[in-house]
Amino acid sequence: MIKVHQLKKEYPMGDSCVKALNGVSFSIARNEFVAIMGPSGSGKSTLMNIIGCLDKPTSGSYSLNEQAVAELDDDALSAVRNKEIGFVFQSFHLLPRLSALQNVLLPLRFSASPVQDTDYAHELLKRVGLDTRHDHRPNQLSGGQRQRVAIARSLVNRPAILLADEPTGALDSKTSVEIMALFTELHKAGQTIILVTHEEEVAAYAQRIIRMRDGDIVEIEERGENAA
Ligand code: ADP
Ligand code: ADP
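For the structure given in this document, a descriptive report is provided here. Keep in mind that this is a model prediction, so the values were computed, not measured. (Residues numbered from 1 in each chain as written. Chains lettered and ligands numbered in written order. Predicted model: local features only at pLDDT ≥ 70, side-chain atom pairs only at ≥ 80, totals over all residues. Heavy atoms only, no water.)

Section: the environment of Thr-46
Positionally, Thr-46 belongs in helix H1 (residues 44-51). The spacing of Thr-46 and Glu-10 is 36 residues in sequence and 9.8 Å in space, taken between C-alpha atoms. Among residues more than four places away in sequence, those in contact with Thr-46 are Lys-9, Tyr-11, Ala-20 and Leu-21. (Helix = DSSP H or I, 4+ residues; strand = E, 2+ residues; numbered from the N terminus. Contact = heavy atoms within 4.5 Å.)

In structure tokens form, the structure reads like this:
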């Protein structure tokens, strides 16, 4: 499903540049649950931004569903970003004036079938355990509940891949465990998940851990089926 080969990323910096990725290669199959770990500055966000089609590598190749991403024009790229990838962030990124349900529906604002979409958004809120809170605004919800809304929103376009960047970074440890249980459930239901974290306890939920340092992959650890 995902194949990256010799990915390099350099950010221009005055007369020189910062090397964020030095040539990383790996593949991720459908329905895998992978964690990317590494200290701050090791290139995790840069890699996620490339996988999420938010940024392009300086060199190397990336193919998503057998399609070379470098060959896509801007329209095709934003279509891939909207339809194939669901994003979950550390800080939730919910719109404060919208209800939970409206936040979940947000990625579908150009959709052709609003009625069905509302039903599906309700179904997703139910799946994340929040159906009774569909009218609540983010400030009426706890951090864990906000992240559940964000996860429901990330799934509304039925994305092939869920990309989660430090999804438990703003949560206490008990709530983190609940959110990781939810990711595990989604994975068991067939969702492909790639998650960035710097917490070992969080990475332990994944089947495979890609460990990075200074722009290189230093280890790929196979853990088997949901070891945590
Ligand atoms: P991580 O997510 O693991 O903390 P990043 O991918 O954010 O790592 O950063 C990798 C390296 O690239 C760091 O040295 C960082 O300072 C640098 N970097 C990241 N984004 C930019 C940018 N937009 N401009 C310049 N340097 C950047
Ligand atoms: P933080 O770690 O500060 O909470 P996030 O993990 O929330 O940051 O965001 C990571 C990156 O994703 C940011 O650089 C941000 O610009 C980008 N981003 C935020 N919201 C979206 C979005 N809805 N779609 C695409 N990219 C986003």
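After that view of the structure, there is still more to cover.
Describing the packing of helix H4 (residues 114-127) against helix H5 (residues 143-155)
One can describe the packing of H4 onto H5 by two numbers: an axis separation of 9 Å at closest approach and a directional angle of 135°. In terms of orientation, H4 and H5 fall into the oblique class. As for the relative orientation of H4 and H5, their crossing is right-handed in sense. Facing Tyr-120, Leu-124 and Leu-125 of H4, the residues of H5 in contact are Val-149, Ala-152 and Leu-155. Tallied by class, residues from the contact of H4 with H5 come to 6 nonpolar, no polar and no charged. (Axes fitted to C-alpha atoms, helices over the stretch in contact; angles between N-to-C directions. Parallel < 35°, antiparallel > 145°, perpendicular 65-115°, else oblique. Left-handed = near helix turned anticlockwise from the far one by under 90°. Nonpolar A, V, L, I, M, F, W, Y, C, P; charged D, E, K, R; others polar.)

Thoughts on the environment of Arg-133
For Arg-133, the position within the fold is in the loop between H4 and H5. Assessed through its relative accessible area of 30%, Arg-133 is described here as partly exposed. For the pair Arg-133 and Ser-176, spaced 43 residues apart in the sequence, the C-alpha separation amounts to 20 Å. If we skip the residues at most four places from it in the chain, Arg-133 touches Ala-100, Leu-141 and Gln-145. (Buried < 20%, exposed > 50% of the residue type's maximum accessible area, 1.4 Å probe, protein only.)

Some remarks on the sheet that holds strand S7 (residues 161-165)
Pairing in this open sheet of 6 strands is mixed, and the strands run S6-S7-S8-S3-S9-S10 from one edge to the other. On the outer flanks of this sheet lie strand S6 (85-89) and strand S10 (216-222), each paired with one strand and no other. The sheet shows a mean angle of 15° between the axes of neighbouring strands, taken without regard to direction. Bridge analysis of strand S3 (residues 33-37) against strand S9 (residues 208-213) gives 4 bridges, and the strand direction is parallel. Note that in S9 the partner of Val-34 across the bridge is Arg-208. (Pairing = 2+ DSSP bridges.)

Notes on the site of ligand 2
Around ligand 2, the neighbouring residues are Leu-54, Phe-89, Gln-90, Ser-91, His-93 and Asp-165. Between an oxygen atom of ligand 2 and a side-chain N or O atom of Gln-90, the distance comes to 3.1 Å. Within the side chain of His-93, one N or O atom sits 2.6 Å away from an oxygen atom of ligand 2. Expressed as a share of its isolated accessible area of 560 Å², the protein-covered part of ligand 2 is 48%. Of the residues that constitute the shell around ligand 2, the class distribution is 2 nonpolar, 3 polar and 1 charged. (Near = heavy atom within 4 Å. Polar contact = N/O pair within 3.5 Å; in protein donor to acceptor, adjacent residues only side chain to side chain. Areas by Shrake-Rupley, 256 points an atom, 1.4 Å probe, with all protein chains shown as cover.)

Considering the environment of Glu-219
In this fold, Glu-219 is placed in strand S10. Residues Glu-219 and Arg-208, spaced 11 residues apart in sequence, show a C-alpha to C-alpha distance of 10 Å. Excluding anything up to four places from it in sequence, Glu-219 contacts Ile-209, Ile-210 and Arg-211.

Topic: unusual backbone geometry
Positioned with a positive phi, Glu-66 is a non-glycine residue whose angle comes to about 70°. Looking at the element boundaries, Glu-66 is found in the loop between strand S4 (59-64) and strand S5 (67-68). If you check the backbone angles, His-93 has positive phi at about 55° while not being a glycine. Topologically, His-93 is positioned in the loop between S6 and helix H3 (100-105). A relative accessible area of 44% places His-93 in the partly exposed class.

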